[in-house]
Amino acid sequence: MTRPFLLVGLLLIGLSGCNPFAPALEEGDPFAVLMGDPRTIEGFFQNFKAAYELRDISLYEPLLDSAFVFVFYDYDAQVERQWGFSQELEATRRLFLATSAIQLQWNQVLLQEVFDNGRQARVVRSFNLLVTLEQGSLFRSSGNVNFLLVRPDTLSPWRLRRWRDESEL
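A. Highlighting the packing of aromatic side chains. With the rule as written, the count across this model stands at 21 aromatic pairs. Taken together, a centroid distance of 4.8 Å and an interplanar angle of 90° make the contact between Phe45 and Trp106 edge-to-face. With a gap of 61 residues between them, Phe45 in helix H2 (residues 41-54) and Trp106 in strand E3 (residues 99-115) connect regions that are remote in the sequence. Summarising the burial analysis for this pair, Phe45 and Trp106 share the class buried. Taking the centre distance of 5.7 Å and the plane angle of 65° together, the rings of Tyr52 and Tyr60 count as edge-to-face.

What follows is the structure, given as structure tokens:
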């Protein structure tokens, strides 16, 4: 008779603190698959994609340099226009709130040059963007982004200083 009690006792000790309905905690960052290393250019692009697809302004804001400038061509007025950091955050926040889904696909890198001892990089990369608005209508865009990335030193994350929109609307 003592043997079954001993077996049950050992089993209970082994299972103490174990919740079969709770997933096990894993080592490391659970978002590591989703997020990239911001000290690499590819990691920057991966984080940009995650911020857009999750529609999370708290992930997007740290990607921007405080001197950020967005440049685009206004085809209706036939003039180049631009806006700065705060306008970009507000425009992106509104975009994220007005959409039910965003899919961003980064395609080939057309140009990538790193200069200033690894503290600046110019990257021209093609993309496809699909935005589903709350009411269900779809907006598609493709083209190129022309990014100037900066960082104070090679151990710091890349930040977007200048975004020239070369998309096809």
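Next comes the rest of the description.
B. Region of interest: the nonpolar core. Within the largest apolar cluster, 28 residues are counted, with the highest numbers of intra-cluster contacts made by Phe48, Tyr60, Phe147 and Trp163. Only H2, strand E1 (64-74), helix H4 (85-98), E3, strand E4 (120-133), strand E5 (138-150) and strand E6 (159-168) provide two or more residues apiece to this core. Sorting elements by how many residues they give to this core places H2 first, with six residues. The contact partners of Tyr60, leaving out residues within four places of it in the chain, are Phe48, Ala51, Tyr52, Glu88, Leu89, Thr92, Phe96 and Trp163.

C. Just H4, in detail. With 14 residues, H4 extends 20 Å from end C-alpha to end C-alpha; this agrees with the ideal 20 Å at 1.5 Å per step. All buried positions along H4 are accounted for by Glu88, Leu89, Thr92 and Phe96. What you see down the axis of H4 is that its buried residues fit within an arc of 95°, all on one side. Projecting away from the buried face of H4 at angles above 90 degrees are the exposed residues Ser86, Arg94 and Leu97. Close packing links the buried residues of H4 with H2, helix H3 (57-60), E1, strand E2 (79-84), E3 and E6.

D. Representation of the pattern of salt bridges within the structure. Applying the stated criterion to the full structure yields 10 salt bridges. In this structure, the salt-bridge partner of Glu42 is Arg125, at a minimum N-O distance of 3.2 Å. Placement of the pair is Glu42 in helix H2 and Arg125 in strand E4, with a sequence separation of 83 residues. One salt bridge connects Glu113 with Arg122, and the closest N-O pair in it is separated by 3.8 Å. Among the charged side chains, a network of salt bridges with common partners joins Glu90, Arg93 and Arg94.

E. Broad picture of the environment of Ser137. Mapped onto the elements, Ser137 comes out in the loop between E4 and E5. Taking the C-alpha atoms as reference points, Ser137 and Thr99, 38 residues apart in sequence, are found 9.5 Å from one another. Not counting chain neighbours up to four residues away, the residues in contact with Ser137 comprise Val131 and Thr132.

F. Looking closely at H2. For H2, which comprises 14 residues, the first-to-last C-alpha distance of 20 Å matches the rise-based estimate of 20 Å (1.5 Å per residue) to within 8%. Listed as buried for H2 are Ile41, Gly43, Phe44, Phe45, Asn47, Phe48, Ala50, Ala51 and Tyr52. Buried residues along H2 sit in contact with H3, H4, E3, E4, E5 and E6. Arg55 sits one or two residues past H2 and shows a positive phi near 55°.

G. A look at the sheet that holds E5. The strand order across the open sheet formed by six strands is E2-E1-E6-E5-E4-E3, and the pairing between neighbours is mixed. The strands lining the two open edges of the sheet, one partner per strand, are E2 and E3. Between one strand and the next, the sheet's axes are offset by a mean angle of 20°, whatever the strand orientation. In terms of strand pairing, E1 meets E6 through four bridges, oriented parallel. Each bridged residue has a counterpart across the sheet, and for Val71 the counterpart in E6 is Arg164.

What counts, and at which threshold
- Residues numbered from 1 in each chain as written.
- Predicted model: local features only at pLDDT ≥ 70, side-chain atom pairs only at ≥ 80, totals over all residues.
- Heavy atoms only, no water.
- Phe/Tyr/Trp six-rings, centres within 6.5 Å; stacked < 30°, edge-to-face > 60°.
- Helix = DSSP H or I, 4+ residues; strand = E, 2+ residues; numbered from the N terminus.
- Buried < 20%, exposed > 50% of the residue type's maximum accessible area, 1.4 Å probe, protein only.
- Core = buried A, V, L, I, M, F, W, Y, C linked by side-chain atoms within 4.5 Å.
- Contact = heavy atoms within 4.5 Å.
- Expected span 1.5 Å × (residues − 1).
- Arc of directions from axis to C-beta.
- Salt bridge = Lys/Arg side-chain N within 4 Å of Asp/Glu carboxyl O.
- Pairing = 2+ DSSP bridges.
- Axes fitted to C-alpha atoms, helices over the stretch in contact; angles between N-to-C directions.

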